[in-house]
Amino acid sequence: MPTTDGETAMRDLADKANYERLQKDVHAVKNDIAALTEQITDALNAFAGQAGKQARSGYRQARENADQAFDDMSERGSAMLGAAHDAANSLEERLEDVVSQRPLATVGLALGLGFLIGAAWRR
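From a predicted model like this one, the values you see are computed outputs, not experimental measurements.

Chemist: Before we move on, can you summarise the overall build of the chain with the specific residues and values?
Modeler: A count of helical and extended segments in the chain gives two helices and zero strands. For 123 residues, the compact-globule estimate of 2.2 N^0.38 gives 14 Å, and the chain exceeds it by more than 25% at 48 Å. Here the C-alpha coordinates of the chain stretch approximately 145 × 35 × 10 Å along the principal axes. Burial status across the chain gives 1% buried among its 123 residues. With the model as given, the accessible surface of the chain reaches about 11400 Å², and the carbon-plus-sulfur share is 62%.

Written out as structure tokens, the structure is:
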């Protein structure tokens, strides 16, 4: 069956309408993809900003903890040094008291220790 000019014109008109509708759909999909890309970019930027804030906060907290630990160790070291200094002073005072109270016993003890050390040294 041969087609008439009217049928051809109708078919061309339908094809043109379908083509225009397809173009509109493709354009709408492109716009949706662009909007989605923008939303994803915004979400990633917000996430990166939040992660940066948390990292800075964690660094600050770790630094404060390290400073506090250093201060604690410094205080403990100072206290131990003070205790050792006090013990040394106390021992010195006791030795001075013993030497002043018993000078002959102290000299005898020193001679005996010197003799023992000298004998051990020779062997």
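Chemist: Please provide a residue-by-residue account of the UniProt feature "coiled-coil region" (unreviewed entry) in the chain, values included.
Modeler: Here the UniProt-annotated "coiled-coil region" (unreviewed entry) positions come out as residues 19-46. Secondary structure over residues 19-46 splits into 100% helix and 0% strand, and the C-alpha atoms at its two ends are 41 Å apart.

Conventions used here
- Residues numbered from 1 in each chain as written.
- Predicted model: local features only at pLDDT ≥ 70, side-chain atom pairs only at ≥ 80, totals over all residues.
- Heavy atoms only, no water.
- Helix = DSSP H or I, 4+ residues; strand = E, 2+ residues; numbered from the N terminus.
- Rg over C-alpha atoms; globule rule 2.2 N^0.38 Å.
- Buried < 20%, exposed > 50% of the residue type's maximum accessible area, 1.4 Å probe, protein only.
- Areas by Shrake-Rupley, 256 points an atom, 1.4 Å probe, with all protein chains shown as cover.
- UniProt positions renumbered as here; feature names shortened; annotations may be inferred.

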